[in-house]
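Observations on the three-dimensional arrangement
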Amino acid sequence: MRVPYKWLKQYVEVDLPPEELAERLTMAGLAVEGIEDLTPDFQGVVAGKIIAITPHPNSDHLVVCRVDAGAAGRELQLVTGAPNVYEGQMVAVALEGARLPGGREIHWATFRGVASAGMLCSAQELGLDVALISPEDREGIITLSPDAPLGEDVSRVLGLKDVVLVLELTPNRADCLSILGVAREVAALTGAPLHLPPTTPPEEDPEIAGLVAVEIAAPDLCARYVARLVQGVRIGPSPAWLQACLRAAGMRPINNVVDITNFIMLEMGQPLHAFDYDRLEEHRVIARRAEPGEKMITLDEVDRELDPKMLVIADAAQPVAIAGVMGGRETEVTPATTSILIESAHFDGASIRHTSRRLGLRSEASTRFERGVNLEGAPAAADRAALLMAQLAGGRVARGRLDRYVKQRQPITIELRPERVNYLLGTAIAPAAMKELLERLHLQVQVVELSATLRVAVPACRGDLTSEIDLVEEIARLYGYNQIPATLPGNISAREKQPPSQRWEEAGREAAAAAGLTEVVTYSFIGPRALDQLRLPAGHPWRRTVAIQNPLREEQSLLRPSLLPGLLEVAGRNASRRVLPVAIYEMGRVFIPTAAPLPDEPLRLGGLVMGTTGRGWSWPAGAMDFYYLKGIVANILAHLRVAGVSWTAADTYPFLHPGRAAVIQAGQTVLGYLGELHPDVLAAADLPERACVFELDWEAAGDLARRIPRYEPLPRFPAVDRDLAVVVPAATPAATVAGVIRAAGGELLQAATLFDVYQGPPVPEGYKSLAYSLRYQLPDRTLTDTEVNAAQEQIQRALKERLGASLRV
């Protein structure tokens, strides 16, 4: 929402600098995202009027204009090639010595023998936003309002000497999608008086009741429809002040009637629509659902197909507007229009949201209806529009208005307990002070003496106030968040209140972060292309996904079956910006379809590494490869006491490199996978280097974890260390060898650690040498050499018998 400061000050007497007002609004919950200074970067440009136009004697595409520049200059001769000049036109004239954006200075010049005492300026030359200029002026000079004073600085004529507050409103504050709504907030925050604009139009016979018929055929979608009739209007440009307000608010002026409807929408928050009364069949207006297959051409010249879920405004023959979204071409206001039917209605927000998304058509009006429009404000907005059309378009307002109010608003009254307010806020605000704060928001407050409560009547414009806690928030923000003391709640331990599942999830995050991974949070929505990148065959379980019924776009049409697509997207984005190495993890839920209405949502822990580790003066850089990530995952599981973890080579994952992938198990429970990404996946994800990934079923890991640590005393007796190198077939996994060693070593063997792998002479081809460090130790006595030698020989015999291993000497 753009709030021009000068426009705001018409309704509230505030003298604060824009920066200070922005700070106070932000602290009160209306976030000001930015402050735009509209002061133009030009000087010496004034409003002038073209008196006469003659052809250039030496050019076919140039003309010579005589321009009255008022007191700022004399009657000037100017040469221009603009295609849109005409006699009587109000134009922007850069006088001798004027400075334009970019430092360009204007001087007398001669064009093919004819002198020019200045320049007629276009919107681009003045540095203006072309989107806010009429299409006919975009290829030529800018046309000013006919009432612009001669010689007046163009920056004042266009309302450019202003400051705009850009508000980022939360969805519940629909009341602040209007200048008046923001003015109410400013008045409540500063105590400055609020001035409401006049809304009573001058009326003349005949009565509107005999000229217009209004019917609501879909009361569930249209709660109220107010109509006003203005006859004898003259369509033309809006006055300069009105055009300046619209441009500052980010809207393009069109003509006086349409500009008035847009002005009031911005001013009061009530969208309006102006119909050409004479083009309405039988002068009837019907708010009804669209019929199957019905079509209409909207104001943007697009032929749109409607469906029965959409609300339309129709006359006796056909739809003439898509309710709350956009009007139709058949009844649009044109220069030939003389009578205007003003629509001020209240439409169901959910219906407007469906229609807007279905048609891919969003407008300022639809945005306001989707968030909620004041049901009681429709008559005042219609009256205000009729008043301005009488003043600015020369119209005659028919007596009375048609008000079809079929779904009455139920008054909202909230009981507020002052002691509850102070308990929640940690304050000691007196009830009288609370009453005064709420009344500053135009809420009617009554003190109930017997119950020591405040009975608060909520006005229709504050649809976000529905319960006591909403009023507590209003008091807090007006009282000032900075005045609420910082206190710790007593006798509450957040850690103790966490359920075990939440503590296990948090433990996983801490372990992953301690292992050097950075947490990322990705969308739960993915698209079919994300699954295609993973080389998944047609029958893969991940192809069975949960589809979104109303996706915003195809790339977010499915719920993710894995964390991997999100991790790939983050890695690709970092790589494209040369942010390497990448070492990330995510803790999140995936979605598995079931026969039940809702899918399963298991918790997963996934991670990705790519690149090399940092190097130092005493250690080299190392690749973040399969074994690097395996070490991270092993440390995470060991740190959280998940026992019995094994790693088995697997080629069942199409997105992983063959021979460089493993299944992670604990006993018979599959915990997940780990491996290097397939080269095709790397290419599809635009990853420049090898990358390794893992994904764990974190809930299954939690079922196997020993949540309570088991402590053992430090050993009192020394250990005996021996090394053992054996030669085994190259296809024998080191984990298998280690398993045989541990089984044969019995209770004497405390640890067996692989420290060397070698292939090459003198080891025969097709074999490899594995060297292990063995540690023997007992808790109750010191081992003898005889006992250790016997255990070592037993291990060697077991390796030879079970694996055919030979001792390497």
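What comes next concerns the included structure. (Residues numbered from 1 in each chain as written. Predicted model: local features only at pLDDT ≥ 70, side-chain atom pairs only at ≥ 80, totals over all residues. Heavy atoms only, no water.)

Considerations on unusual backbone geometry
- Cis peptide bonds are those with omega within 30 degrees of zero, and the linkage from Asp205 to Pro206 qualifies with 10°.
- Take Pro206: it is sitting in strand S12 (residues 203-207).
- Residue Pro761 is joined to Pro762 through a cis peptide bond whose omega torsion reads 5°.
- One can find Pro762 in the loop between strand S39 (749-758) and strand S40 (767-776).
- Positive phi is not limited to glycine here, since Glu301 has a value of about 70°.
- As for its position among the elements, Glu301 is in the loop between strand S17 (295-297) and strand S18 (303-305). (Helix = DSSP H or I, 4+ residues; strand = E, 2+ residues; numbered from the N terminus.)

A short note on the nonpolar core
- Of all hydrophobic cores here, the largest spans 77 residues; its most connected members are Leu8, Leu167 and Phe263.
- Here this core gets 8 residues from one element, more than from any other, and that element is helix H4 (residues 179-190).
- Sequence-distant contacts of Leu167, defined by excluding residues within four places in its chain, comprise Met1, Val3, Leu30, Ala31, Val32 and Val182. (Core = buried A, V, L, I, M, F, W, Y, C linked by side-chain atoms within 4.5 Å. Buried < 20%, exposed > 50% of the residue type's maximum accessible area, 1.4 Å probe, protein only. Contact = heavy atoms within 4.5 Å.)

Observations regarding the packing of aromatic side chains
- Applying the stated criterion across every chain yields a total of 10 aromatic pairs.
- Plain terms: the ring middles of Tyr653 and Tyr673 are 5.1 Å apart, the flat faces sit at 40° to each other, and that makes the pair tilted. With Tyr653 in the loop between strand S34 (645-649) and strand S35 (656-666) and Tyr673 in strand S36 (residues 669-677), the pair connects residues that are 20 residues apart, well separated along the chain.
- Overall, Tyr673 belongs to the buried group, its relative accessible area being 5%.
- Among the aromatic residues, ring-to-ring pairing joins Trp542, Tyr653, Phe655 and Tyr673 into one connected group.
- Lying across the ring of Tyr405, Arg224 places its NZ or CZ 3.9 Å from the centre. (Phe/Tyr/Trp six-rings, centres within 6.5 Å; stacked < 30°, edge-to-face > 60°. Lys NZ or Arg CZ within 6 Å of the ring centre and 35° of its normal.)

Brief notes about the pattern of salt bridges
- Applying the stated rule across the entire model yields 47 salt bridges.
- Arg462 is paired through a salt bridge with Glu185; the nearest N and O atoms lie 4.0 Å apart. One end of the pair, Arg462, is in the loop between strand S27 (453-458) and helix H12 (468-479); the other, Glu185, is in helix H4, with 277 residues separating them in the sequence.
- On the basis of relative accessible area, Arg462 is assigned to the buried category, the value being 5%.
- Overall, Glu185 belongs to the buried group, its relative accessible area being 2%.
- Of the charged contacts in the structure, one is a salt bridge between Arg553 and Glu555, with a shortest N-O distance of 3.8 Å.
- Among the ionic contacts, a cluster of salt bridges with common partners joins Arg173, Asp175, Glu185, Arg462, Asp464, Glu474 and Arg477. (Salt bridge = Lys/Arg side-chain N within 4 Å of Asp/Glu carboxyl O.)

Points about a nonpolar patch on the surface
- The grouping of Tyr423, Leu424 and Ile469 at the surface amounts to a nonpolar patch, some 330 Å² of accessible area in total.
- Following the sequence through the fold, Ile469 ends up in helix H12.
- Given a relative accessible area of 48%, Ile469 falls into the partly exposed group. (Patch = residues over 30% accessible without salt bridge, like charges linked within 9 Å, V, L, I, M, F, W, Y side chains within 5 Å. Areas by Shrake-Rupley, 256 points an atom, 1.4 Å probe, with all protein chains shown as cover.)

Re the pairing of S36
- Judged by how many residues are buried, S36 sits mostly within the fold: 7 of 9 residues are covered.
- As paired elements, S35 and S36 share 7 bridges and run antiparallel to each other. Bridge pairing in S36 places Val663 opposite Tyr673.
- From the end of S35 to the start of S36, which pair antiparallel, there are 2 residues, and Gly667 there has a positive phi angle of about 70°.
- Where S36 and strand S37 (residues 691-697) come together, 5 bridges link them in antiparallel fashion. Residue pairing for S37: Glu676 is matched across the bridge by Cys692. (Pairing = 2+ DSSP bridges.)

Thoughts on the side chain of Thr522
- The residue Thr522 is located in the loop between strand S28 (518-519) and strand S29 (525-526) in this model.
- Using a relative accessible area of 15% as the deciding quantity, one classes Thr522 as buried.
- In terms of polar contacts, Thr522 uses its side chain to reach the side chain of Arg560, at 3.2 Å.
- A polar contact of 2.8 Å, which involves the side chain of Thr522, links it to the side chain of Glu586.
- Apart from the residues within four sequence positions on either side, Thr522 is in contact with Arg560, Gly566, Val570 and Glu586. (Polar contact = N/O pair within 3.5 Å; in protein donor to acceptor, adjacent residues only side chain to side chain.)

Quick look at the packing of helix H20 (residues 734-745) against helix H21 (residues 785-803)
- In contact at an axis separation of 9 Å, H20 and H21 are set at 135° when each is read in the N-to-C sense. Judged by the angle between their axes, H20 and H21 are oblique. Read as a crossing pair, H20 and H21 show a hand that is right-handed. Residues Thr736, Val737, Val740, Ile741, Ala743, Ala744 and Gly745 of H20 form the contact with H21, whose own contacting residues are Gln794, Ile795, Ala798, Leu799, Arg802 and Leu803.
- Looking at side-chain class alone, the contact of H20 with H21 contains 9 nonpolar, 3 polar and 1 charged residues. (Axes fitted to C-alpha atoms, helices over the stretch in contact; angles between N-to-C directions. Parallel < 35°, antiparallel > 145°, perpendicular 65-115°, else oblique. Left-handed = near helix turned anticlockwise from the far one by under 90°. Nonpolar A, V, L, I, M, F, W, Y, C, P; charged D, E, K, R; others polar.)

Examining the environment of Ile475
- Here Ile475 lies in helix H12.
- Among the residues examined, Ile475 registers a relative accessible area of 0% and is labelled buried.
- Separated by 15 residues in the primary sequence, Ile475 and Ala460 have C-alpha atoms spaced 19 Å apart.

Re the sheet that holds strand S21 (residues 326-327)
- With mixed pairing, 5 strands are arranged side by side in an open sheet as S13-S16-S19-S20-S21. Single-partner strands in this sheet number two, and they are strand S13 (213-216) and S21.
- As paired strands, S13 and strand S16 (residues 284-289) are joined by 4 bridges and run parallel to one another. Directly across from Ile216, in S16, lies its bridge partner Ala287.

So, the pairing of strand S20 (residues 319-322)
- The sheet contact formed by strand S19 (residues 311-314) and S20 spans 3 bridges and is antiparallel. Its bridge partner lying in S20, Ile313 is registered against Ala321.
- Between S19 and the antiparallel strand that follows it, S20, lie 4 residues.
- Here S20 pairs with S21 via 2 bridges, running antiparallel.

Details of helix H2 (residues 18-27)
- Among the residues of H2, Pro18, Leu21, Ala22 and Leu25 are the ones counted as buried. Down the axis of H2, the buried set is contained in an arc of 100°. They therefore lie on one face.
- Taken together, the buried residues of H2 touch helix H1 (5-8), strand S2 (31-37), strand S11 (163-168) and H4.
- Just past H2, the residue Gly29 takes up positive phi, approximately 100°. (Arc of directions from axis to C-beta.)

With respect to the side chain of Gln231
- With respect to the helices, strands and loops of the structure, Gln231 is situated in strand S14 (residues 222-231).
- Overall, Gln231 belongs to the buried group, its relative accessible area being 17%.
- Not counting residues up to four positions away in its chain, the partners in contact with Gln231 are Pro206, Leu211, Thr338, Ser339, Gly395 and Arg396.

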